[in-house]
Amino acid sequence: MLKSRFFGIFLCHTISLLPTFAGMIEDKNTPRTSLAELGEFGLIDHLSKHFEIIHESTIRGIGDDAAVLDFKDKKCVLTTDLLIEGVHFDLSYVPLKHLGYKAVMVNLSDVYAMNATATQITVSIAVSNRFPLEALEELYAGIQTAAKIYKIDVVGGDTTSSTTGLMISVTAVGYANGDDLVYRDGAKENDLLVVSGDLGAAYLGLQILEREKQVYKANPNSQPDLDQYSYLIERQLKPEARKDIVELLKALEVKPTSMIDISDGLSSEVIHLCTKSEVGVHLYEEKIPLDPVVISTCEEFKLNSTTVALSGGEDYELLFTIKQEDFPKIKANPNLTVIGHITDKKSGMGLITRANEKIQLTAQGWNPIKE
Ligand code: ADP
Ligand code: MG
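Structural notes, computed from the coordinates. Note that this is a predicted model, so its numbers are computed, not measured.

### Points about the overall build of the chain
- Within the chain, the secondary structure is distributed over twelve helices and 13 strands.
- A compact globule built from 371 residues should have a C-alpha radius of gyration of about 21 Å, and the chain, at 22 Å, falls within 12% of that.
- Based on the C-alpha atoms only, the size of the chain along its principal axes is roughly 65 × 55 × 35 Å.
- The buried share of the chain, reckoned over its 371 residues, is 54%.
- Considering only residue pairs separated by 6 or more positions, the chain has 85% of its internal contacts joining residues 24 or more positions apart.
- Carbon together with sulfur atoms contributes 50% to the accessible area of the chain, which is approximately 17,100 Å² in total.
- Here the chain holds 36 positive side-chain charges and 52 negative ones, and the gap between their average locations is 2 Å.

Below is the structure:
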């Protein structure tokens with residue numbers, strides 16, 4: 001029973017029965033195998049033994065000094081991200097399995113943002129001895145699930161000790177034909193600005209989790225009912241990288257002129273695309289796709305939903321530009337929304353509000369709306 005930790009309880013209702021690290025530590029019935037018992041090599045073996053190699057491009061995976069990959073005549077794409085406990089995640093409410101899954105997603109999202117196919121990852125972890133083996137098994141179960149669903153080979157990593165928190169770094173590798181790669185700097189005047197999915201939910205999910213953490217601290221016996229927020233919480237804890245959008249665009253024969261994934265918030269990513277491409281933009285407030293739960297939760301939290309979508313972050317949707325002539329190919333698709341168009345550089349980067357006023361886009365990240 002994870003009753004001593006409310007997140008153990010609510011996750012049973014809303015997402016799935018997944019233990020948090022805090023829940024595991026407080027639960028006297030969870031077995032706890034010390035990492036010292038296994039030693040470094042035993043641990044690496046234990047964690048990596050279930051990974052299967054599926055790609056021909058993986059010549060050598062885990063078990064040698066380095067992995068060997070062969071992409072023949074393709075271009076190789078490589079990206080890495082580092083997640084630190086207390087900075088990027090809070091183990092009092094993030095289930096370890098979701099953390100493993102998300103660590104993979106944030107990297108795959110970057111590969112897909114290049115219009116490439118992701119094929120391999122490496123996973124490096126730093127752990128202190130406060131983590132029992134069972135906690136790392138949960139983390140790796142999430143990594144393995146992500147690898148299976150997204151068809152990725154885990155080909156290596158590093159395992160080391162940390163004196164304090166947990167750190168996890170994933171490096172993702174992929175490939176594309178040189179002609180298919182899409183960069184941030186290709187947007188041209190008159191192109192349409194398009195976004196996948198909907199925005200702002202992951203930020204609100206984080207606000208809900210933080211609020212419930214405070215409620216729990218004040219009253220550990222409280223039994224929150226978070227069902228109505230399950231979409232938001234799932235978007236925060238278990239994002240999906242938009243491999244499907246890359247495949248969809250390929251099937252529609254649409255090659256974006258520029259692309260980026262939304263990790264820091266729409267506003268900052270639009271600014272990146274426009275700055276790199278040396279163009280301006282008109283972004284229409286009324287076009288920004290919002291889930292109904294985002295709208296109702298913003299009302300409840302007295303937040304402006306446009307601000308949340310612009311600055312919230314962690315949506316892991318794809319933001320891209322297409323030529324106007326490609327519009328008929330995407331217009332009927334419910335996963336894609338045209339939110340603006342590219343202008344010349346001197347017109348600047350403007351948000352056209354519902355009141356038809358033009359205001360300058362700023363890259364606020366997500367801190368300013370935390371207050
Ligand atoms: P080295 O001493 O050369 O760094 P290691 O003993 O750290 O080698 O690693 C042995 C093998 O296990 C390598 O293939 C490495 O990539 C892999 N490996 C190490 N740690 C991990 C991990 N946390 N997850 C996946 N593979 C790992
Ligand atoms: Mg090593």
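### A short note on the packing of helix α6 (residues 201–218) against helix α10 (residues 292–301)
- At a minimum axis distance of 10 Å, the contact between α6 and α10 shows a crossing angle of 45°. Here α6 is positioned oblique relative to α10, judged by the angle of their axes. In terms of crossing hand, the pair formed by α6 and α10 is left-handed. Contacts between α6 and α10 involve Ala 201, Leu 204, Gln 207, Ile 208 and Arg 211 on the former and, on the latter, Val 294, Thr 297, Cys 298, Glu 300 and Phe 301.
- A breakdown of the residues in the contact of α6 with α10 according to their chemical character gives six nonpolar, two polar and two charged.

### Some words on the site of ligand 1
- Inspection of the region around ligand 1 gives 14 residues, with Gly 63, Tyr 140, Gly 156, Gly 157 and Thr 159 positioned closest.
- Contact distances for ligand 1 include 3.1 Å between an oxygen atom and a backbone N or O atom of Asp 64.
- At a separation of 2.7 Å, a nitrogen atom of ligand 1 approaches a polar side-chain atom of Tyr 140.
- Here ligand 1, which alone exposes 550 Å², has 75% of that area covered by the protein.
- Where the shell around ligand 1 is concerned, the elements lending two or more residues are α3 (35–48), β4 (117–127) and β5 (153–161).
- Per-element accounting of the shell around ligand 1 gives the leading share, four residues, to β5.
- Of the residues that constitute the shell around ligand 1, the class distribution is six nonpolar, four polar and four charged.

### Here we look at the packing of aromatic side chains
- Applying the stated criterion across every chain, the model contains four aromatic pairs.
- Each ring, one from Phe 71 and one from Tyr 175, has its centre 5.8 Å from the other, and the planes form 35°; the classification is tilted. Of this pair, Phe 71 sits in the loop between β2 (68–69) and β3 (75–84) while Tyr 175 sits in strand β6 (residues 167–176); the two residues are 104 residues apart in sequence, bridging distant segments of the chain.
- Given a relative accessible area of 11%, Phe 71 falls into the buried group.
- Directly above the aromatic system of Tyr 101 lies the positively charged group of Lys 238, at a separation of 4.5 Å from the ring centroid.

About the thresholds
Residues numbered from 1 in each chain as written. Chains lettered and ligands numbered in written order. Predicted model: local features only at pLDDT ≥ 70, side-chain atom pairs only at ≥ 80, totals over all residues. Heavy atoms only, no water. Helix = DSSP H or I, 4+ residues; strand = E, 2+ residues; numbered from the N terminus. Rg over C-alpha atoms; globule rule 2.2 N^0.38 Å. Buried < 20%, exposed > 50% of the residue type's maximum accessible area, 1.4 Å probe, protein only. Contact = heavy atoms within 4.5 Å. Areas by Shrake-Rupley, 256 points an atom, 1.4 Å probe, with all protein chains shown as cover. Lys, Arg positive; Asp, Glu negative; His and termini not counted. Charge placed at Lys NZ, Arg CZ, Asp CG, Glu CD. Axes fitted to C-alpha atoms, helices over the stretch in contact; angles between N-to-C directions. Parallel < 35°, antiparallel > 145°, perpendicular 65-115°, else oblique. Left-handed = near helix turned anticlockwise from the far one by under 90°. Nonpolar A, V, L, I, M, F, W, Y, C, P; charged D, E, K, R; others polar. Near = heavy atom within 4 Å. Polar contact = N/O pair within 3.5 Å; in protein donor to acceptor, adjacent residues only side chain to side chain. Phe/Tyr/Trp six-rings, centres within 6.5 Å; stacked < 30°, edge-to-face > 60°. Lys NZ or Arg CZ within 6 Å of the ring centre and 35° of its normal.

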